[in-house]
Amino acid sequence: MKTMYTYIMAHIENKLFYVGVTNNIRQRTFDHKNATFGTHTGKYNIKQLVWYEVHDSPKIAIRREKTIKKWKREWKINLIEEMNPE
């Protein structure tokens, strides 16, 4: 099985989030950081990787992505803070 990642990118002040799935977290982070204005992440300056988790299955990673996309903003912030305690 291929390693998959569910991840959250954020605006520098965590005002906006982007939830996605990838099999190459480094390349995907690079893509987001270099996004053009015509893309969602480029338009809203969503360039900081703030959270990710590793999965062994694409199905599980996609299911997790869909679940997180439905979450309230506060729940996403709590998830991010769990991974990045101050």
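See the structure shown above.
Described in the following lines is the structure provided in the data block. As the structure is a prediction and not an experimental result, all values here were calculated from the model. (Residues numbered from 1 in each chain as written. Predicted model: local features only at pLDDT ≥ 70, side-chain atom pairs only at ≥ 80, totals over all residues. Heavy atoms only, no water.)

### Description of the nonpolar core
We apply this condition: By nonpolar core we mean a set of buried residues, namely Ala, Val, Leu, Ile, Met, Phe, Trp, Tyr and Cys, connected to one another through side-chain atoms within 4.5 Å. Burial status follows relative accessibility: with a 1.4 Å probe on protein chains alone, a residue under 20% of its type maximum counts as buried, one over 50% as exposed, and anything between as partly exposed. Residue contacts are defined here by distance: any two heavy atoms, one from each residue, within 4.5 Å place the two residues in contact.
Of all hydrophobic cores here, the largest spans nine residues; its members are Ile8, Ala10, Phe17, Val19, Val50, Trp51, Ile68, Leu79 and Ile80. With sequence-adjacent residues up to four places away left out, Val50 is seen in contact with Ile8, Met9, Ala10, Asn14, Ile80, Met83 and Asn84. The next biggest cluster of nonpolar side chains, apart from the first, holds five residues, and it includes Tyr7, Met9, Ile25 and Ile46.

### So, the packing of aromatic side chains
Rules: We call Phe, Tyr and Trp rings a pair once their centres come within 6.5 Å, taking the six-membered ring for Trp, and we label the pair stacked below 30 degrees between planes, edge-to-face above 60, and tilted otherwise. For the purposes of this entry, the term helix denotes a DSSP run of H or I that reaches at least four residues, the term strand denotes a run of E that reaches at least two, and both are numbered from the N terminus.
This structure, assessed with the given rule, holds three aromatic pairs. Considering the side-chain rings of Tyr5 and Tyr52, the 6.2 Å spacing of their centres and the 65 degrees angle between planes classify their relative orientation as edge-to-face. On the criterion of sequence distance, the pair formed by Tyr5 in strand β1 (residues 4-11) and Tyr52 in strand β3 (residues 46-55) is long-range, its members being 47 residues apart. Among the residues examined, Tyr52 registers a relative accessible area of 34% and is labelled partly exposed. Look at Trp71 and Trp75: their rings are 6.2 Å apart centre to centre, the planes differ by 80 degrees, and that puts the pair in the edge-to-face class.

### Thoughts on a nonpolar patch on the surface
Cut-off, in case you're wondering: Candidate patch residues must exceed 30% relative accessible area and have no salt bridge, after which like charges are joined if within 9 Å and Val, Leu, Ile, Met, Phe, Trp or Tyr side chains if within 5 Å. To measure how exposed things are, a 1.4 Å probe is used in the Shrake-Rupley method; for residues, cover is taken only from the protein chains shown. When a carboxyl oxygen of Asp or Glu is within 4 Å of a side-chain nitrogen of Lys or Arg, the pair counts as a salt bridge.
A cluster of nonpolar side chains, namely Tyr52, Val54 and Met83, defines an oily patch on the protein surface of about 250 Å² accessible area. Inspection of the secondary structure assignment puts Val54 in strand β3. A residue is classified by how much of its surface remains accessible, and Val54, at 48% relative accessible area, is partly exposed.

### Regarding helix α3 (residues 58-70)
At 3.6 residues per turn, the α-helix brings residues three or four places apart onto the same side. The condition that has to hold: One less than the number of residues in a helix, times 1.5 Å, gives the span that helix is expected to have. Arc definition: it is the arc formed by the directions from the helix axis to the C-beta atoms. We call two N or O atoms a polar contact when they sit within 3.5 Å, provided that within protein one can donate a hydrogen and the other can accept it, with sequence-adjacent residues counted only if both atoms are side-chain atoms.
Look at α3: 19 Å from first C-alpha to last across 13 residues, which is about the 18 Å you get at 1.5 Å a residue. Among all positions of α3, only Ala61, Glu65 and Ile68 are buried. Projected down its long axis, α3 shows its buried positions confined to an angular sector of 70 degrees, all on one face. The exposed set on the far side of α3, more than 90 degrees from its buried face, consists of Lys59, Arg63, Lys66 and Lys70. Between the side-chain oxygen at the start of α3 and the backbone nitrogen of Lys59 there is a gap of 3.2 Å, and the oxygen is on Ser57.

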